[in-house]
Every structure is written in structure tokens, then in C-alpha cells.
Amino acid sequence: MARIHRLATLLAMLCLAAFASRPAMAQSVLRDAETEALLADMARPLFTAAGLNPANGKVVLIADPSINAFVAGGQIVYVNSGLIDAADTANQVQGVVAHEIGHIVGGHAVFQRDGGYGNISILSLLLGAAAMAAGSAEAGTGILMAGQRAAIGKYLAYSRVQESSADAAGVRFLNTAGISGKGMLSFFDKLTQEMHRYGYYSTDPEVDPFAQTHPMSQDRVQTLTADLKTSPSWNTPLNADLERRFKRVQAKLRGYTNDPKKTLRIYPKTDNSIPAHYARAYAYHQSGYPEQAAEETAALVKLAPNDPYFLELQGQILLESGQPQASLEPLRKATQLSNNSPLIASTFGHALVATEDKANLKEAEQVLRDSLTRDRDNPFAWINLGTVYDRKGDEPRTALATAERANLIGDARTAMVSARRAMGGLPQGSPEWIRAQDIAMVSDQAMKDDKKNKGRNLRQ
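K.L.:
So, the side chain of Ser-327: which residues are in play, and what are the values?
P.N.:
Take Ser-327: it is sitting in helix α15 (residues 324-337). When its relative accessible area of 0% is taken as the criterion, Ser-327 is described as buried. Beyond its immediate sequence surroundings of up to four residues, Ser-327 is in contact with Gly-315, Leu-318, Leu-319 and Ala-351.

Structure representation (C-alpha cells):
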């Protein structure tokens, strides 16, 4: 991308698996081709070590500044942008991911179906509960993720046994994959520092460390150290390629999510490294300084003219500064060099549409259809494909594209109405007609369920 795509639905990644699954939570997912490729490569050996098929596992990035990671059912690990920002190495993030996969394998993702909050967080839960136990309720609730609005009692009911089990499983997965556990321990050291910061290690006799939902961070370190240090993989060198890529992704994420002034303090203009150029390019672009952003991106492209992610950023800046025609060359090249990455291709398709040149509609349709064949969970691509069909006067397929997008973002009414409209114009029994029927049926049921739940809440 260059632009980091925000999706308003946390579980948009799951929708196609259940045709029209509605979102369970409403946090913002950040989608970026380079970041997703890195996280997949970091997690792949850990999923394999856990006996899971890496093709079914995902690591999804959430736009949230808190230091947190969690699971919420399925084989998906959610990692907050704040954790990526706080980590020193890719190996530290792998330690957290290994722990979260431990929750997946242990079946810890949902609170006993008792109406409680349906995810497990590792870090903000630990810190938040600790701060509140130490008598700082304001600090504790401040640490907890804004999107987690369940009763505090649900957090405190979470089992320390499950957390310890996930730790032990994470150690096994790291060792089996031949990945050093130094990152896991060093990240727990960070947690320990935070615990001290919020007064967890209080001398107050009323503060009972065993009453917490998670083991104390120091205790966890002591428990894990022996197993990790005796592993043959303890002294395995860090993966240099992953660490290099991590610094790039971390820099672009900081440039995209942080205050520009903070970004420029971390990456001053005197720093001519690739991560620094990357961070400043995003910071300038987000702040509305296209010329400075273009200068930083030009420096990146000069250093690596065939890097698809640099070309993607260059094209995105041109596109969003009102130069769609000029953006086509770098975006076309980026798409080709990235082996037709769906996210990059969808941006290229958007640029073709944005030229408003009818001559580009055929290519735009092909690019967007190919992108969605590989990644259907992209509302941005469905919007643009719908625009292509609309400009071609193809009303049924415009309606189907609208239904697909509405389905992904949890708009059941729009999905149902649009799907039925599509069915009225598509050949009955064709794959597209069947897809529209699926969306209409599931969306109709979703609306009935919502109505039933509202009635139940009113009676209570």
C-alpha cells in the first residue's frame, strides 16, 4: 500500500469463511502488504511448531497504542500497533506471538460462553489489573484498551492457570521452531518495568499478588528462564532478514500512527537510514506535506529502485496528492514486483479508476478482480470494483460489489438489499448469483437476530 488501510471491523478477515459473519468487535484493523508479509513470515514457524497449518493462521495488526496482543477465537493472533512500537526486536514480537498461539492451542480464547467479553489480552490485562490492585484504579483503567468495555470483574476472573499454560506452550513452540527465547524474556522485562512504574510491587499488605488474573511478570520470568536457557535454540542468532524488515515496518508504522513531531524526534533529518526515510515519508504524508513526503520516498526509491513497497509508497503519495495518472507507473511496477500482492494491486486498481479515463476501466476491472480472487476481505477493493461496474453500466454487478463491501463491514441491511438487487439481474444459478444469494440469506438472518436480541434486552 503505502497507505496503511484501516478497516473498521476487527474480524473482517473472517467474514468470507462464514460468508457473511458479522463483526464481533469494532476496532480498527491496519492492513499493509509489507507488514502482513513480515508478520506472516515471523509467525509461520511458530504455527507449524504448534501443530497448526500456517495457511490457516494469521497475525492481524490493530490500530491501538496500548502494548497488547490477544486472541478472539479461530487461529488469529491480534497484535496492537503499540506493541510493535514498543518492541526492540522482531524476536520480542515472536515471543508474544508464541504465547498467544499457546492460548489458541489451549482453547482459551472465549470466556466459557457466559456472556463475558470474548477475548483474552495478555499485556494490558496484566498491567491494568496490576495497577488497579496497587490502588491506582485510574491508571489501571487507562491502561486497558479503550475497545475492551467488559466489566472489570470479567478481567479479574481470568485464570492465572491459563496464562501460565500459554507461557509454557509458547516456550515449547519457540524451542521447537529453533527460535531464541531471549526476546520473550526481554519483553517480560519491559512488563516488569511497567509493573514497577504503576506501583504493582507495593509493600501494602492488602495487595495480594496471587489475586491477580495473571502471574506477576517477575514470577513469569523466573519460571520461563530455566526452560528457555537450557534450550539448544537459546543462543541461536536472530534472523537478520526479519530484524531488518522489522525495523522498516516499525518505522513506517510509527510514521503513520504517531504524532509527526514525535516521529521526527525519533528519526531526525540527519538520519539517512532506510527506516528513517520511511518514517519521515509517512509522517509528512499524514501531515499533508506531499513535497517533503515525495522527497523522502524518492530517496528510498533511489536506494532500492526495485523495492515494491517503496514504489507503492511513491505511487500512493502521487495518487493522494491528486496525480493519479503519474501514480500508475510506480504502482504498476510495484504490483508486478510484489507478485501481484492483493493490497498493492487494489491500490493500483484504485489509481486506474481515479484517472477517470474510460480507456483504463478494462485494466482496472482485471486488476481488481485478480486482487479480490486472492483476498476477498478488502472493502476498499470492492468499492473500486463497484465503481468500475457502475461506469460500465453493469447494475447487477455494481449491486453485488456493494453487497460484498457491506457484508465485510457488518452492514446487514445494505448487504441484503444490494444482494437481492444483484440476484434480480444476474443469470440464475451462476456463481455470482449464488454468492449474492448467500449474502442475502445470511444478512437477513443477521437482521432477525439483531431484532431478537434487541427485544430480549428490552424485556430484561
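K.L.:
Describe the packing of aromatic side chains, listing the residues and the values that go with them.
P.N.:
Evaluation of the coordinates by the stated rule reveals three aromatic pairs. Centre to centre, the rings of Phe-70 and Tyr-78 are 5.2 Å apart; their planes meet at 20 degrees, and the pair counts as stacked. The same class applies to Phe-70 as to Tyr-78, namely buried. Ring plane angle 85 degrees and centroid distance 5.3 Å describe the contact between Tyr-278 and Phe-310, whose orientation is recorded as edge-to-face. Taken together, the residues span a long stretch of sequence, with Tyr-278 in helix α12 (residues 274-287) and Phe-310 in helix α14 (residues 308-320) at a distance of 32 residues. The two residues Tyr-278 and Phe-310 agree in class, both being buried.

K.L.:
Please give an account of the pairing of strand β3 (residues 58-62) that cites residues and values.
P.N.:
Residues in a regular strand point their side chains to alternate faces of the sheet. Of all five residues that make up β3, four are buried, and the element is covered over most of its length. Pairing geometry for strand β2 (residues 29-31) and β3, over two bridges, is antiparallel. Among the inter-strand pairings, Leu-30 is bridged to a residue of β3, identified as Leu-61. In this structure, β3 lies alongside strand β5 (residues 76-80), joined through five bridges in parallel fashion. Residue pairing in the sheet places Lys-58 in a bridge with Ile-76 of β5.

K.L.:
Could you give me a rundown of the environment of Gly-386, with the residues and numbers involved?
P.N.:
On the secondary structure map, Gly-386 appears in helix α18 (residues 379-392). The spatial distance from the C-alpha of Gly-386 to the C-alpha of Thr-402 is 6.4 Å, given a sequence separation of 16 residues. Excluding its chain neighbours within four sequence positions, the residues that come into contact with Gly-386 are Thr-398 and Ala-401.

K.L.:
Explain helix α19 (residues 395-409) to me, using residue names and the numbers behind them.
P.N.:
The end-to-end C-alpha separation of α19 is 21 Å, in line with the 21 Å expected for 15 residues at 1.5 Å each. Every buried residue of α19 is accounted for by Pro-396, Thr-398, Ala-399, Leu-400, Ala-401, Ala-403, Glu-404, Ala-406, Asn-407 and Leu-408. Of the residues flanking the end of α19, it is Gly-410, one or two places downstream, whose phi is positive at about 80 degrees.

K.L.:
Outline the nonpolar core, supporting the account with residue identities and numerical values.
P.N.:
General note: in soluble globular proteins, nonpolar side chains tend to be found buried as a group. One finds Leu-46, Val-79, Val-93, Val-97, Ile-101, Leu-228 and Tyr-278 to be the most contacted residues of the largest nonpolar core, which totals 64 residues. Discounting residues that sit within four places of it in the chain, Leu-46 has contacts with Gln-94, Val-97, Ala-98, Ile-101, Phe-173, Leu-174, Ala-177 and Ile-179. Counting residues in each nonpolar core, the second largest holds 20 residues, with Ala-351, Leu-352, Trp-382 and Tyr-389 among its members.

K.L.:
Explain the environment of Gln-366 to me, and be specific about the residues and the numbers.
P.N.:
Turning to its location among the elements, Gln-366 is positioned in helix α17 (residues 361-374). In this structure the C-alpha to C-alpha distance between Gln-366 and Leu-385, which are 19 residues apart in sequence, comes to 9.3 Å. Looking at Gln-366, its side chain comes within polar contact range of the side chain of Asp-370, at 2.9 Å.

K.L.:
Tell me about unusual backbone geometry, and name the residues and values.
P.N.:
In this structure, Asn-339 takes a positive phi of about 60 degrees despite not being glycine. The topology assignment puts Asn-339 in the loop between α15 and α16 (342-354). With a phi angle near 60 degrees, Glu-356 is a residue other than glycine that sits in the positive phi range. Within the secondary structure layout, Glu-356 lies in the loop between α16 and α17.

K.L.:
Which residues make up the packing of helix α13 (residues 290-303) against α14, and what values go with them?
P.N.:
Packing of α13 against α14 leaves a shortest axis separation of 9 Å and a crossing angle of 160 degrees. In terms of orientation, α13 lies roughly antiparallel with respect to α14. Remark: the crossing between α13 and α14 carries left-handed chirality. Counting all contacts with α13, which are made through Pro-290, Ala-293, Ala-294, Thr-297, Leu-300 and Val-301, the residues of α14 involved are Phe-310, Leu-311, Leu-313, Gln-314 and Ile-317. A per-class count over the contact of α13 with α14 returns nine nonpolar, two polar and no charged.

Rules and cut-offs
- Residues numbered from 1 in each chain as written.
- Predicted model: local features only at pLDDT ≥ 70, side-chain atom pairs only at ≥ 80, totals over all residues.
- Heavy atoms only, no water.
- Helix = DSSP H or I, 4+ residues; strand = E, 2+ residues; numbered from the N terminus.
- Buried < 20%, exposed > 50% of the residue type's maximum accessible area, 1.4 Å probe, protein only.
- Contact = heavy atoms within 4.5 Å.
- Phe/Tyr/Trp six-rings, centres within 6.5 Å; stacked < 30°, edge-to-face > 60°.
- Pairing = 2+ DSSP bridges.
- Expected span 1.5 Å × (residues − 1).
- Core = buried A, V, L, I, M, F, W, Y, C linked by side-chain atoms within 4.5 Å.
- Polar contact = N/O pair within 3.5 Å; in protein donor to acceptor, adjacent residues only side chain to side chain.
- Axes fitted to C-alpha atoms, helices over the stretch in contact; angles between N-to-C directions.
- Parallel < 35°, antiparallel > 145°, perpendicular 65-115°, else oblique.
- Left-handed = near helix turned anticlockwise from the far one by under 90°.
- Nonpolar A, V, L, I, M, F, W, Y, C, P; charged D, E, K, R; others polar.

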